[in-house]
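These are the residues of each chain, in order.
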Amino acid sequence: MKKTVVLYNPDAVYYTMPLALLAIGSYLDAAKYEVVIIDGRLEKDPFPKIAAALGRHGVCFATTVLTGRPIKDALKQSDAVKAAFPHIPVVWGGWHPSLFPEQTLRASCVDAVVNGQGEIPFAALVDAFSAGKTPEGIKGVSYKLPDGSIVHNDAQTMQDINTFPAFNYNLIDVPAYMKLSGRRQLDYISSQGCRFRCTFCADPFMYKRGWYGFEPKRMGDEIEALWKQYQFEHIHFQDETFFTNTKRVKAVAEEFIARKLPISWFATMRADQGVRLDDEVWKRCKQSGLEKVMIGMEAGTQEMLNWMKKDIKIEHVFDAAEKCIKYDIAINFSIIVGFPGETEESISATLDMVKRLKKMSPKFHMGIFYFKPYPGNPIADELRSKGYTFSESLEEWSNFDYVDSGKSEWISDEKIREIENFKFYQHIGWHRRVPGMVQRIARWRLERNNYRFPVERVLKEWLIAPPKMS
Ligand code: B12
Ligand code: SF4
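Model, not experiment: these values are computed from the prediction.

Colleague: What is the right way to read the sheet that holds strand E8 (residues 185–188) from this model?
Modeller: Two orientations exist for strands paired in a sheet by backbone hydrogen bonds: parallel and antiparallel. Spatially, the six strands line up as an open sheet ordered E8-E11-E12-E13-E14-E15, and their pairing is parallel. Of all strands in the sheet, those bounded by a partner on one side alone are E8 and strand E15 (364–370). Sheet twist, expressed as the average angle between the axes of neighbouring strands with direction ignored, equals 20 degrees. Pairing between E8 and strand E11 (residues 234–237): four bridges, direction parallel. Paired with aspartate 187 across the two strands is histidine 236, which belongs to E11. Taken strand by strand, helix H18 (residues 413–430) contacts strand E14 (330–337) and E15, and its axis lies near 160 degrees from that of E15.

Colleague: Can you help me understand the pattern of salt bridges in this one?
Modeller: Oppositely charged side chains can pair when the atoms bearing their charge come close. One pass over the full model with this rule turns up 32 salt bridges. The shortest N-O distance in the salt bridge between aspartate 221 and lysine 217 comes to 2.7 Å. Within this pair, aspartate 221 and its partner lysine 217 are both found in helix H9 (residues 216–230), separated by four residues, close to a single helical turn. By sharing partners, the salt bridges in this structure join Lys217, Asp221, Glu224, Lys228, Glu255 and Arg259 into a single network.

Colleague: What is the right way to read the layout of surface pockets from this model?
Modeller: Over the atoms rolls a probe the size of a water molecule, and its path tells where empty space is left. Roughly 310 Å³ of volume is contained in the second largest pocket. As for the second largest pocket, its lining consists of 16 residues, and the residues nearest its centre are Asn115, Ala155, Gln156, Met206 and Lys208. Considering every element that reaches the lining of the second largest pocket, the biggest residue donor is helix H8 (residues 203–207), with three residues. Looking at the lining of the second largest pocket residue by residue, the classes come out as six nonpolar, eight polar and two charged. Per-domain counts for the lining of the second largest pocket show at least three residues from each of domain 1 (3–144) and domain 2 (183–411).

Colleague: I keep staring at the side chain of asparagine 9 and nothing clicks. Help me out?
Modeller: For asparagine 9, the location among the structural elements is in strand E1 (residues 3–9). On the basis of relative accessibility, which here comes to 11%, the residue asparagine 9 falls in the buried class. Looking at asparagine 9, its side chain comes within polar contact range of the side chain of aspartate 39, at 3.4 Å. Every residue in contact with asparagine 9, bar those within four places of it in the chain, is listed here: Pro18, Leu21, Ile38, Asp39, Gly40, Arg41 and Thr64.

Parameters at a glance
Residues numbered from 1 in each chain as written. Chains lettered and ligands numbered in written order. Predicted model: local features only at pLDDT ≥ 70, side-chain atom pairs only at ≥ 80, totals over all residues. Heavy atoms only, no water. Pairing = 2+ DSSP bridges. Helix = DSSP H or I, 4+ residues; strand = E, 2+ residues; numbered from the N terminus. Axes fitted to C-alpha atoms, helices over the stretch in contact; angles between N-to-C directions. Contact = heavy atoms within 4.5 Å. Salt bridge = Lys/Arg side-chain N within 4 Å of Asp/Glu carboxyl O. 1 Å grid on protein atoms, 1.4 Å probe; cavity = no way out; pocket = protein on both sides within 12 Å on 5 of 7 lines; lining within 4 Å. Points joined across faces, edges and corners; volume = space filled by probe spheres on them. Nonpolar A, V, L, I, M, F, W, Y, C, P; charged D, E, K, R; others polar. Domains from an automatic or database assignment. Buried < 20%, exposed > 50% of the residue type's maximum accessible area, 1.4 Å probe, protein only. Polar contact = N/O pair within 3.5 Å; in protein donor to acceptor, adjacent residues only side chain to side chain.

This is the structure in structure tokens:
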């Protein structure tokens, strides 16, 4: 009789497929274990399903956890598992527990944490639990002893993801995610990690600047098989930096073209990587269905980009934008304002750059976010050394809201008002469905940085409540 491993994705916004759970679930030995993935975003009340699955020879309950709201639900379900099945170990993995293994294990409902890449440590952990052993010696795992003390095993070395099996999408209800996300879209991850060192990002901590990407032939085979099964129209690559290896990008595009896959695709691109792609590769990408890229512009002055070690030049952003216009590819730009110590002039320079980029193409979307301090990176370390206090427990972290528009510890209230107005007029100034007259007024305001008496905004917010972001 197979033993059951229950993998849980906590409630969150958006309906991206639970790729982390597919990664660790597909690596387990299917001859020994029944893997059950339960998603808090798909179930009104997930616990009865969790309990039913654990009731069938459950080995462990494991959940993936991002910082913020998902912690609340992960705690709720883990507590419920502990209460109903005290003998079943609870494992947390993913970005938040990897950054805070000690704090995570202080929660009474968590028995073990997998730090970083999960496939190998989790499989070893499941085998250990199944054999009635402890996690002693399993690299990449931190765990709690019966007396409550915490043990951190040695760190693991990141493995080449080409050595891992294909994700078994049959473990999830793919059509349900497509329906909820409103598009026949498949989420897929083709690489892990990132070689860069941006000082606001958790990736260098998590993957130690390692990067591995799937071989193009493997991707072609997998994606073609998935297309035959699900007939999706779009692939959303969830990679941190899809365009790291130019040769790979070209070969992947050629795989899609050779197989005549009728799909479009989206991926994240660094501006410098866009500049490095030669025209031949851009052409292939377009031909194979590249629809949109996401580029982290981050800030509008070279000084700020250097400070955060983004390792790009302002010109790279414009050059990558020109390439996208040439090949008719849309861009979502991601911009951060309000870094600790950033001046108001620097923020204004960023907003000016946003305006310049937005004018270049109606297919450019500008997402402006406020910096939030998040440990596991050099900016946060410096803040801590200056006395800034971070959350001390999972409960506190569960209230952390990354997006929280309209709030920043490092920007004056007046400047925030200006930024929020800027964001609003930037949006309506170019939005297709906004009447021409209102668009013209918005652009007039933007041109002059004149946001006095923002009646249009007050009216809109009165009519439509802002969306929930995290
Ligand atoms: C998809 C995604 C989302 C989805 C989450 C979908 C879901 N499952 O619930 C959505 C859109 C909701 C989302 C939201 C946000 N996200 Co997000 N997101 C991603 C993204 C692009 C892909 C995640 C993924 O599926 N990766 C593929 C899997 C295979 O990799 P992985 O998650 O790293 O998993 C491996 C290990 O971590 C580990 N592992 C993971 N979980 C588990 C569980 C167990 C039990 C074990 C043993 C191991 C394990 O093993 C896996 C295989 O090796 C990542 C970037 C990235 N490429 O990873 C950012 C990322 C995770 N997101 C991030 C951020 C900042 C956000 C937002 C704040 C963005 C925003 N400004 O709105 C919000 C807020 C999240 C919230 N509080 O709700 C950060 C980190 C956040 C953090 N510290 O928790 C990342 C790393 C991007 C970045 N570099 O900044 N996100
Ligand atoms: S922000 Fe992007 S490029 Fe920079 S370290 Fe993070 S994942 Fe890499």
